[in-house]
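# Inside the fold
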Amino acid sequence: MRQPYFILVLAHSLHGRLRRVHIPYRALYAVLGFLLVASLFAFGIFSSYLRMSWKVANYNSLRTEVETLRSRYQRLQEEASRKDQQLASLQLMASEVSVAFGIKHRLEGPPDISSDSKLVPTYRESLAEYDFLKSANYSMLRRNYVRQWQLNVRPSLWPVYGRLMSTYGGRSDPLSGEGAFHSGVDLEATVGTPVRASADGVVSHAEWGGGYGRLVIIDHGNSMQTYYAHLSRYYVVPGQEVRQGQVIGYSGESGRVTGPHLHYEVRVGGTPINPYPYLTKTSLVSVKKDLPF
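Now for a look at the structure at hand. It should be emphasised that the depicted structure is a prediction, and the values quoted were computed from it without experimental measurement.

All right, on to the overall build of the protein then. Along its length, the protein carries five helices and 14 strands. Burial statistics for the protein: of 293 residues in total, 33% are counted as buried. For the protein, restricting intrachain contacts to residue pairs at least 6 apart in sequence, the fraction spanning at least 24 positions comes to 62%. Working note: accessible area of the protein is about 18,900 Å², and carbon and sulfur atoms make up 57% of it.

We now examine the packing of aromatic side chains. The final tally for this structure, using the stated rule, is four aromatic pairs. For the ring pair tyrosine 228 and tyrosine 264, a centre distance of 5.4 Å and an interplane angle of 55 degrees mean the geometry is tilted. With tyrosine 228 in strand 10 (residues 224-234) and tyrosine 264 in strand 13 (residues 261-268), the pair connects residues that are 36 residues apart, well separated along the chain. On the basis of relative accessibility, which here comes to 0%, the residue tyrosine 228 falls in the buried class. Relative accessible area serves as the criterion here: at 0%, tyrosine 264 is assigned to the buried category. Aromatic side chains tyrosine 235 and tyrosine 250 sit 5.9 Å apart centroid to centroid with 80 degrees between the ring planes, which places their arrangement in the edge-to-face category. One end of the pair, tyrosine 235, is in the loop between strand 10 and strand 11 (241-242); the other, tyrosine 250, is in strand 12 (residues 247-251), with 15 residues separating them in the sequence. What makes tyrosine 235 exposed here is its relative accessible area of 51%.

Quick look at the side chain of threonine 193 now. Following the sequence through the fold, threonine 193 ends up in the loop between strand 6 (185-188) and strand 7 (194-196). Only 2.8 Å separates the side chain of threonine 193 from the backbone oxygen of threonine 190, close enough to count as a polar contact. With residues up to four places along the chain from it excluded, the contact list for threonine 193 reads Val160, Gly249, Tyr250 and Ser251.

Judged by nonpolar contacts, the single largest core of 27 residues is most densely connected at Val216, Ile218, Tyr228 and Ile248. For this core, the secondary-structure elements that each account for two or more residues are helix 1 (25-101), strand 6, strand 8 (201-208), strand 9 (214-221), strand 10, strand 13 and helix 4 (276-279). Sort the elements by how many residues they give to this core and strand 13 lands first, with four residues. Residues contacting isoleucine 218, with those up to four places away along its chain left out, are Ala197, Gly201, Val202, Val203, Ser204, Met224, Gln225, Thr226, Tyr228, Val242 and Ile248.

Attention now moves to a nonpolar patch on the surface. Together, Phe6, Leu28, Tyr29, Val31, Leu32, Phe34 and Leu35 make up a nonpolar patch on the protein surface, roughly 720 Å² of accessible area in all. When residues in the nonpolar patch are grouped by element, the largest group, six residues, is from helix 1. Within the secondary structure, leucine 35 is located in helix 1. Of the residues examined, leucine 35 reaches a relative accessible area of 46% and is grouped as partly exposed.

A word on the pairing of strand 12. With respect to burial, strand 12 is a largely interior element, five of its five residues being buried. Sheet topology places strand 7 next to strand 12; three bridges connect them, and they run antiparallel. The residue of strand 12 that forms the bridge with proline 194 is tyrosine 250.

Another point: the pairing of strand 6. Across two bridges, strand 3 (residues 164-166) lies against strand 6 in antiparallel orientation. In the strand pairing of strand 6, leucine 164 is matched with leucine 187. Where strand 6 meets strand 13, four bridges bridge the pair, whose relative direction is antiparallel. Bridge assignment links glutamate 188 to a residue of strand 13, and that residue is histidine 261.

Each value, and the rule that gives it
- Residues numbered from 1 in each chain as written.
- Predicted model: local features only at pLDDT ≥ 70, side-chain atom pairs only at ≥ 80, totals over all residues.
- Heavy atoms only, no water.
- Helix = DSSP H or I, 4+ residues; strand = E, 2+ residues; numbered from the N terminus.
- Buried < 20%, exposed > 50% of the residue type's maximum accessible area, 1.4 Å probe, protein only.
- Contact = heavy atoms within 4.5 Å.
- Areas by Shrake-Rupley, 256 points an atom, 1.4 Å probe, with all protein chains shown as cover.
- Phe/Tyr/Trp six-rings, centres within 6.5 Å; stacked < 30°, edge-to-face > 60°.
- Polar contact = N/O pair within 3.5 Å; in protein donor to acceptor, adjacent residues only side chain to side chain.
- Core = buried A, V, L, I, M, F, W, Y, C linked by side-chain atoms within 4.5 Å.
- Patch = residues over 30% accessible without salt bridge, like charges linked within 9 Å, V, L, I, M, F, W, Y side chains within 5 Å.
- Salt bridge = Lys/Arg side-chain N within 4 Å of Asp/Glu carboxyl O.
- Pairing = 2+ DSSP bridges.

Here's what the structure looks like:
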């Protein structure tokens, strides 16, 4: 029976001998099939590599874009924090001028910084009152101001004797790592450290305050309040009158914290302002000397 095959002739270059090799069709087809399968397999691996490279490049591009957006967000948040601080400072100055001259506030209510509500007075109104302050007679303003604040109703005392851990303004949230606005200052204090009122006033709040934990709020009049947060326990009750330097509670780590400390705020008209100028009114040396820690 005749079988189809190819004949491969090999000739020796020196001796001139010829050699015939019979290659059946089936063997040739098998070799071609193997090469085809190997080519398809190599093509699959190469296409998978290309797809993986494209996905990695796309992921790196998205990550770069996210980092860019995060940086822009932090810059915008810092700028917004500076604007809020300027507005709060202008509002505080307008409030002091109003108290000094007996001018009635043209406010419809305290601003709510926890929502998107509009700050009142407006930026233009605050600038107008600031211009009025600059044009007022300085000596008369100073006399009225001294008479108004001659009592200990203005915060001027460190509530605890400790290191300043976190300042007022923009910062990275210690729990989430995202940009956030810090409405007060954090003072280092171990659990059980006595916390003292920074000025005379009336306790308006002494209970749990959400992320503030155990919170004491003292009303000093003239729309000014001070906040003492993350306490371990209270030493006052709402409605109680307190004096500057009086113990109102003990520091702790209640609420949304990463460790024991005291969160201290100064608010005017419900708006947090930078409390550091009030803290610097009394040096650490005088605090340690005047208060029986």
